[in-house]
Amino acid sequence: MQVKAPDRATIERPAPADRPAPRPPASAPLLRSRTVQGLGYAAPTAVFVAVFFVLPLLLVGQMSLSDWPLLAGDRGVNAPENFTDATDGALFWPAVRFTLLYTVIVTVVLLGLALLLALLVQESRPGAGFLRTVFFLPGALGLASASLLFWGLYSPTTGPLGDLAERLGLVDGPVSFLGTPTSALLSTVFLVVWKFAGFYMLILLVGLQRIPHELYEAARMDGASRRQVFRSITLPLLRPSLALSLLLCVTGSLLAFDQFFVLTKGGPDNSTVTVVQLIYREAFQRMDLGVAAALSILVLAALLLLNVVQFRGLRRSDAS
């Protein structure tokens, strides 16, 4: 007697319930519709970038290679005269040195203070939420508005800071917060640190809260001191947040304009002129858009180079 072999469909086991069945390959019309849908989502951003970044950048590049007075328009190509005029100006190298000095001071003081504030409010304790709000509150104020506020505070005639220092016996006469190059620089640094310390504190606080508490508990059980815990656990794991804060702080400091324009106007004696202020002077005081555009291209190239160096340094530190 010959036994009939069971049908193949009857011996195949059904797929487990937790294993999803393989999806059939998408058809060509479906792929095209998804592509069109993705392009539709990306189109507004692409248009925004093209209109407000790519086209102005191309126009600035054209201006940097042309004789382009502010009120007369394009008079033709004169490359590389704009770049030589920009670098040969009497204020170019002093402005570069002052901008670098300001960037170094602000970066060190601001990030150091922001890290201390983040460590202070890291733990959930009574009053920590209030302190976080107080530290971050100045960041909600616009930089130009904050500069006007401190201009009034620094005023030798109507400002309260000079009178307060005189009543406390710290000084013998009126204080000129913006009267000398050193005092103008330090007063502006104080304004910037007051305004942005809470912002960078928030960035570093997010990085601190991402560190697992188990690591701190294990270090305490091993008898590690606070300094050892900070050096061996906190700083290495906080490196991405520090790198982001460093990138933002350096870039913002190199592009400083509002605070100096409101507080010092580049004075006294052009000692606080930044590179961006120099661009403004060339464009709207000397009426030469060509030289101003050449300076803008130089600043853009310097920022790109600096960002590349920072990213490479970050990758090497992560690899090591």
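Up top is the structure.
Remarks on the layout of surface pockets
Using a probe with the size of a water molecule, rolled over the atoms, empty space left in the structure can be pinpointed. Here the largest pocket is characterised by a volume of approximately 530 Å³. Lining of the largest pocket is provided by 14 residues; of these, Gln122, Glu123, Tyr216, Arg220 and Arg226 occupy positions nearest its centre. Only helix 4 (92-120), helix 9 (213-221) and helix 10 (226-237) provide two or more residues apiece to the lining of the largest pocket. Of all the elements, helix 10 adds the most residues to the lining of the largest pocket, at four residues. When grouped by side-chain class, the residues that make up the lining of the largest pocket number six nonpolar, four polar and four charged. Of the volumes computed, that of the second largest pocket is approximately 350 Å³. Around the second largest pocket, the lining comprises 13 residues; the ones closest to its centre are Val96, Val275, Leu298, Val299 and Ala302. Put simply, the parts of the chain that give the lining of the second largest pocket at least two residues each are helix 4 and helix 14 (289-319). When its residues are assigned to classes, the lining of the second largest pocket shows twelve nonpolar, one polar and no charged.

A few points about the pattern of salt bridges
Tallied over the full model, the rule gives one salt bridge. Here Glu282 ties to Arg286 by a salt bridge, and the two come within 3.1 Å at their closest N and O atoms. For Arg286, a relative accessible area of 60% translates into the label exposed.

What counts, and at which threshold
Residues numbered from 1 in each chain as written. Predicted model: local features only at pLDDT ≥ 70, side-chain atom pairs only at ≥ 80, totals over all residues. Heavy atoms only, no water. 1 Å grid on protein atoms, 1.4 Å probe; cavity = no way out; pocket = protein on both sides within 12 Å on 5 of 7 lines; lining within 4 Å. Points joined across faces, edges and corners; volume = space filled by probe spheres on them. Helix = DSSP H or I, 4+ residues; strand = E, 2+ residues; numbered from the N terminus. Nonpolar A, V, L, I, M, F, W, Y, C, P; charged D, E, K, R; others polar. Salt bridge = Lys/Arg side-chain N within 4 Å of Asp/Glu carboxyl O. Buried < 20%, exposed > 50% of the residue type's maximum accessible area, 1.4 Å probe, protein only.

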